[in-house]
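Here is how the chains run, residue by residue.
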Amino acid sequence: HRIEVPVYEQICDLRDREWIEIEEITLLFGNRRHIVIHEAEHVVIRRCASMFVGRYGNPNIILKQASQVEILDCFLYENINCGILLTDGTTRCRVAGCTIVKCASNDGVTLHSGGRDKNGVRQGITGDFNVVENNVIGLCPEESIDITSGDYHLIQGNICYGNGNPGIIVGHDSDHILIRNN
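Residue numbers run consecutively from 1 along every chain, following the written order of its sequence. The model is predicted, so local features are restricted to residues of pLDDT at least 70 and side-chain atom pairs to those at 80 or more, both for listing and for counting; the totals for chains, interfaces and linings are taken over all residues. Only heavy atoms go into the side-chain values, all of them from the structure, while hydrogens and water stay out.

What follows concerns the sheet that holds strand β11 (residues 94-96). The sheet built from seven strands is open, its strands ordered β2-β5-β8-β11-β14-β17-β20 with parallel pairing. Edge positions in the sheet fall to β2 (18-23) and β20 (178-180), since each of these pairs with one other strand and no more. Averaged over all adjacent pairs, the angle separating strand axes in this sheet is 5°, with direction ignored. Two strands pair if DSSP finds at least two bridges between them. Helical segments are the DSSP runs of H or I of at least four residues, strand segments are the runs of E of at least two, and each set is numbered from the N terminus. Axis definition: a line fit to C-alpha positions, over the contact stretch in the case of helices; interaxial angles, taken between N-to-C directions, run 0 to 180 degrees.

What follows is the structure in structure tokens.
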């Protein structure tokens, strides 16, 4: 006889945090982002599942101005934007051993700028030295891995399949990217 409609920006909000480990939890049916890691460092998300991110959009996991964060052995399924977004100076982070499937409108893993300001200047450039390795990423309308900003990233050992665009793309604001054994 009642309908409850919660509108949460994110289920797990790790802003300005250090030395946190989250293991073996499942996040379901969030309205926007499931996990936000913002201005945080030394965070580990291990063996977690994030599924069915609501129509309000955005990634399962977003890293902004984060450092030394690891997303390990996670299962990310059916989101509106992308599985994992690294943006706004995120540096020395690692996404490894994850399965990221069925992104509704974007990429599996995105190392991206935060868009442009009113004058067309890119904002929120991804930091450097991030690693994306040994993941299975597929069924994305765009790429499995989209690298459009940041330098010195390592992309290796990933399986990319069933995407609307090529499996891995390197864009305009990235240099010195090593892609091997994918």
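We are not done yet, so read on.
It is worth spelling out the state of the cysteines at this point. Cysteine sulfurs are considered disulfide-paired once they come within 2.5 Å of each other. Under the definition given, this model contains zero disulfides. Left without a disulfide partner, Cys 12 is nearest to the cysteine sulfur of Cys 48, which lies 8.6 Å away. The cysteine Cys 98 is free of any disulfide, with Cys 74 supplying the nearest cysteine sulfur at 4.7 Å. Each residue is assigned to one of three classes by its accessible area relative to the maximum for its type, calculated with a 1.4 Å probe on protein chains only: buried under 20%, partly exposed between the two thresholds, exposed over 50%. We classify Cys 98 as buried; its relative accessible area is 1%.

Counting residues in hydrophobic clusters, the biggest one holds 32 residues, and the most contacted among them are Ile 37, Ile 45, Leu 63, Ile 71 and Ile 84. Only β1 (10-15), β4 (33-38), β5 (41-46), β7 (61-64), β10 (84-87), β12 (99-103), β13 (109-111) and β16 (145-151) provide two or more residues apiece to this core. Here, residues are in contact when the closest pair of their heavy atoms is within 4.5 Å. Sequence-distant contacts of Ile 37, defined by excluding residues within four places in its chain, comprise Leu 14, Val 43, Ile 45, Ile 61, Ile 62, Leu 63, Lys 64, Ala 66, Val 69 and Ile 71. Buried Ala, Val, Leu, Ile, Met, Phe, Trp, Tyr and Cys residues that are joined via side-chain atoms within 4.5 Å together make up what is termed a nonpolar core.

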